[in-house]
Amino acid sequence: MNWGSAEAFWNMGGAATFVWGSYAVTLIVIVVELILLFQRRKNTVSRLLRLRRGRSARRQPANVSESP
Amino acid sequence: MLGPFIAVLRRDLLLAWRGRADVLVTIGFFVVVACLFPFGVGAEPNQLREIAPGILWVDALLATLLSLHRLFAQDHADGSLEQLLLSPEPTVLWVSAKVLAYWLTTSLPLVIAAPGLGLLFDMEQGSLKVLCLSLLLGTPMLSLLGAVGAALTLGLRGGGMLLALLVLPLFVPVLIFGAGAVDAYLGGSGSDAHLLLLAGGSLAALVLAPWACAAALRIAAE
Amino acid sequence: MTRSRFNIFRFAVPQNFYPLAGKLAPIFAVTAAVLFLAGLWISFFIAPTDAQQGEVYRVIFIHVPAAWMSMFIYLVMAFWSAVGLVFNTRLSAMMAHALAPTGAMFCFVALWTGALWGRPTWGAYWVWDARLTSQLLLLFLYFGYIALINAIDDPRRADKAGAILALVGAINVPIIYFSVKWWNTLHQGASVSLTKAPSMATTMLMGMLVMAFAAWAYTIAVTLWRVRSLILERERNAEWVNEELDRLEAAA
């Protein structure tokens, strides 16, 4: 174990800005990538579902005109 | 075998001659950009002499970049590119001819204009000679790599900026050895190694780039 | 022999690869998370303080794996591009597309951590060190690739143009690296090298390797997830996508 106390750990021998700056930004970038990734998946699926609904609506125009 | 090569080369040179203004604009750009630097960094002769090779090389790179779209754009627009692709002649052959014509009409004038600009920066005769030689040996590689980029971005929106983004990182080695040649000459270690590497790079590009360029053109025209 | 060939080409079909990717991605994601936590533990609690640099050197545990990964991903992209051009398989190009953003991400991480490490070590956030400079140029290559495939609307053309660019870039990466290295030694002599650690303790090396494996697993997981979206988009007119959409709609 390298650290006497929690403060010593967060202080990183006086290099806190650099060490934690590196790790924090890396973490943020990874989280952002994951968020974008799942957003993309969601957008893709919803767009395809929308497209499909549009297509099936166009395929049976007779039903649509009858319904009102 | 060389028939189509000569034919395309002659045609492109003729077209360039008829549109001389374009070529002159490129040289004008080259001169004007070089003349801007003393205003930016100050007119101290020693400093100017020191940065001159780098400035002229970056300048040549930018001038090449700005004229690259000329290489295929017009042929693409008027359909002659498609005709050439449909012709039975090997694509690599006439692509090489087009790049050669481009180099003769764009890079060669820059090489010829460079000594005059070097004088503005108070470069001495020996380093001027090395600079011209490095430009002469290095610009073919710029033209060849640039041709691949131009073929890849043919007809795309925002093609100009995209082209810059694609090819500028690839130009870095040429810039390093080109500008480095003069530094090495002035430093006394001789510029042979740099010039040989530039020539080697150009030859390697001459072997590989036309293939990549031909493939890219076929994709673009599909 | 014939059996293994059969298997490879079976999964070159997007329809077969899509469910496989869906099954594999979470496994790799969990692996990445576990390895990442283990790597963090090693880098902060097991690896000793460096005698010369003090605690700052702990940046190495993300800097070096990120730099490795960014270069490796570019090579893998070039590999898939070549496969796509030679065998004309759609999936290979999609893999190359899916890898690019993650490669650029690791490239950025390597640059960012390099700058933060450089400040206390070299006294400047940025020096034109051969490694840092070629890393920067690699980032530009990634940007160029991503910009090119996004600028082309026709997916087939985007695949092939991107493949050519990736191959041209991959040929140039070593040239760029060596030219930059040469230029660097000419201009400022031997600079402090980032990985110059004469007494590189085995725990340090271990930490770096664990982090590198975490980065591998992370890259695979993210790429598989991304390629799933790409497959759905590209194959949207296929019947199996229709069925998959039925399933997704029912689940939602």
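Scroll up to find the structure.
Heads up: these notes are all about the structure in this document. (Residues numbered from 1 in each chain as written. Chains lettered and ligands numbered in written order. Predicted model: local features only at pLDDT ≥ 70, side-chain atom pairs only at ≥ 80, totals over all residues. Heavy atoms only, no water.)

A word on helix α3 (residues 45-67) of chain B
Right, on to step 1. Between its terminal C-alpha atoms α3(B) stretches 31 Å, which fits the 33 Å expected from 23 residues at 1.5 Å a residue.
Right, on to step 2. Taking the largest bend as the criterion, α3(B) deviates by roughly 50°, centred on B:I51, and proline B:P53 comes between one and four positions later. (Helix = DSSP H or I, 4+ residues; strand = E, 2+ residues; numbered from the N terminus. Expected span 1.5 Å × (residues − 1). Bend = angle between axes of the 7 residues up to and from the residue.)

Thoughts on the nonpolar core
Right, on to step 1. Ranked by size, the top nonpolar core spans 124 residues in total, and within it B:F72, B:L152 and C:L148 carry the most contacts.
Right, on to step 2. Sort the elements by how many residues they give to this core and helix α8 (residues 159-187) of chain B lands first, with 14 residues.
Right, on to step 3. The residues contacting C:L148, other than those within four sequence positions of it, are B:L152, B:T153, B:L156, B:L162, B:L166, C:A161, C:G162 and C:L165.
Right, on to step 4. Formed by 21 residues, the second largest nonpolar core is a distinct cluster that contains A:W3, C:F61, C:I62 and C:W117. (Core = buried A, V, L, I, M, F, W, Y, C linked by side-chain atoms within 4.5 Å. Buried < 20%, exposed > 50% of the residue type's maximum accessible area, 1.4 Å probe, protein only. Contact = heavy atoms within 4.5 Å.)

Notes on the environment of B:S134
Residues and elements named next belong to chain B.
Right, on to step 1. Structurally, S134 is set in helix α7 (residues 125-152).
Right, on to step 2. Each C-alpha atom of the pair S134 and G158 lies 32 Å from the other, and the pair is 24 residues apart in sequence.
Right, on to step 3. Setting aside residues no more than four positions away along its own chain, S134 makes contact with W57, G178, A181, L195 and L198.

Section: the interface of chain C and chain A
Right, on to step 1. Of the residues lining the interface, 47 residues belong to chain C; the matching set on chain A comes to 33 residues.
Right, on to step 2. Taken over both partners, the interface formed by chain C and chain A buries close to 3500 Å², and the fraction arising from carbon and sulfur atoms is 67%.
Right, on to step 3. Of all residues in chain C, C:F44, C:F45 and C:L245 give up the largest surface area on contact with chain A, accounting jointly for 17% of the area buried on that side.
Right, on to step 4. One can count five salt bridges joining chain C with chain A.
Right, on to step 5. Among the salt bridges present, the one from A:R53 reaches C:E249, with a minimum N-O distance of 3.5 Å.
Right, on to step 6. Seen at the junction of chain C and chain A, the total is eleven residue pairs in polar contact (both at pLDDT 80 or more).
Right, on to step 7. Among the residues making up the side of chain C that touches chain A, the classes are represented as 30 nonpolar, seven polar and ten charged. (Buried area = accessible area lost by both parts, 1.4 Å probe. Salt bridge = Lys/Arg side-chain N within 4 Å of Asp/Glu carboxyl O. Polar contact = N/O pair within 3.5 Å; in protein donor to acceptor, adjacent residues only side chain to side chain. Nonpolar A, V, L, I, M, F, W, Y, C, P; charged D, E, K, R; others polar.)

Brief notes about the packing of aromatic side chains
Right, on to step 1. Evaluated as defined, the whole model comprises twelve aromatic pairs over all chains.
Right, on to step 2. Consider the rings of A:W20 and C:F44, whose centres lie 4.9 Å apart with planes at 20°: the pair is stacked. One end of the pair, A:W20, is in helix α2 (residues 16-59); the other, C:F44, is in helix α2 (residues 14-46), on a second chain.
Right, on to step 3. Given the relative accessible area of 4%, C:F44 is considered buried.
Right, on to step 4. These aromatic residues form a ring-pair network of at least three members: A:W20, A:Y23 and C:F44.
Right, on to step 5. Cation over ring: B:R20 sits above B:W17, and NZ or CZ is 4.4 Å from the ring centre.
Right, on to step 6. A cation over a ring is seen here: C:R119 above C:Y125, with NZ or CZ 5.5 Å from the ring centre. (Phe/Tyr/Trp six-rings, centres within 6.5 Å; stacked < 30°, edge-to-face > 60°. Lys NZ or Arg CZ within 6 Å of the ring centre and 35° of its normal.)

A closer look at empty space enclosed by the protein
Residue and element names in this part refer to chain C.
Right, on to step 1. Under the definition given, this model contains three cavities of 30 Å³ or more.
Right, on to step 2. By volume, the largest cavity amounts to about 70 Å³.
Right, on to step 3. Lining the largest cavity are S81, G84, L85, N88, T89, A93, R156, D159, K160 and A163.
Right, on to step 4. Within the residue set of the lining of the largest cavity, elements represented by two or more residues are α3 (60-87) and α6 (155-188).
Right, on to step 5. Counting residues per element, the lining of the largest cavity draws most heavily on α6, at four residues.
Right, on to step 6. Each residue belonging to the lining of the largest cavity can be placed in one class, and the counts come to three nonpolar, four polar and three charged. (1 Å grid on protein atoms, 1.4 Å probe; cavity = no way out; pocket = protein on both sides within 12 Å on 5 of 7 lines; lining within 4 Å. Points joined across faces, edges and corners; volume = space filled by probe spheres on them.)

Thoughts on the environment of B:A221
Residue and element names in this part refer to chain B.
Right, on to step 1. Along the chain, the position of A221 falls in helix α9 (residues 192-221).
Right, on to step 2. Residue A221 is classed as partly exposed on the basis of its relative accessible area of 26%.
Right, on to step 3. Sequence separation between A221 and H76 is 145 residues; the distance between their C-alpha atoms is 8.3 Å.

Quick look at the layout of surface pockets
Right, on to step 1. In this model, the largest pocket occupies a volume close to 660 Å³.
Right, on to step 2. Forming the walls of the largest pocket are 31 residues, and the residues nearest its centre are B:V58, B:V172, B:L175, B:I176 and C:W183.
Right, on to step 3. Of all elements in the fold, only α3 and α8 of chain B together with α5 (130-151) and α6 of chain C reach the threshold of two or more residues within the lining of the largest pocket.
Right, on to step 4. A class-by-class count of the residues in the lining of the largest pocket yields 24 nonpolar, five polar and two charged.
Right, on to step 5. The space that makes up the second largest pocket amounts to roughly 440 Å³.
Right, on to step 6. Considering the residues around the second largest pocket, the lining is formed by 17 residues, among which A:R40, C:H97, C:N150, C:L230 and C:R234 are closest to the centre.
Right, on to step 7. When residues of the lining of the second largest pocket are traced back to their parent elements, those giving at least two are α4 (90-122), α5, α6 and α7 (202-234) of chain C.
Right, on to step 8. With four residues, the top contributor of residues to the lining of the second largest pocket is α7(C).
Right, on to step 9. Broken down by class, the residue content of the lining of the second largest pocket amounts to seven nonpolar, three polar and seven charged.

Thoughts on a nonpolar patch on the surface
Right, on to step 1. The grouping of B:L203, B:L206, B:V207, B:L208, C:I171 and C:I175 at the surface amounts to a nonpolar patch, some 560 Å² of accessible area in total.
Right, on to step 2. Those elements giving two or more residues to the nonpolar patch turn out to be α9 of chain B together with α6 of chain C.
Right, on to step 3. When residues in the nonpolar patch are grouped by element, the largest group, four residues, is from α9(B).
Right, on to step 4. You can see B:L203 is positioned in helix α9. (Patch = residues over 30% accessible without salt bridge, like charges linked within 9 Å, V, L, I, M, F, W, Y side chains within 5 Å. Areas by Shrake-Rupley, 256 points an atom, 1.4 Å probe, with all protein chains shown as cover.)

Side note on the interface of chain B and chain C
Right, on to step 1. Chain B puts 27 residues into the contact, and the matching count from chain C is 28 residues.
Right, on to step 2. Both sides of the chain B and chain C interface together cover about 2300 Å² of buried area, and 78% of this is carbon and sulfur.
Right, on to step 3. Linking chain B with chain C are zero salt bridges, by the criterion used here.
Right, on to step 4. Between the two partners, chain B and chain C, sit two residue pairs in polar contact (both at pLDDT 80 or more).
Right, on to step 5. Contributions of two or more residues to the side of chain B that touches chain C are made by α7, α8 and α9 of chain B.

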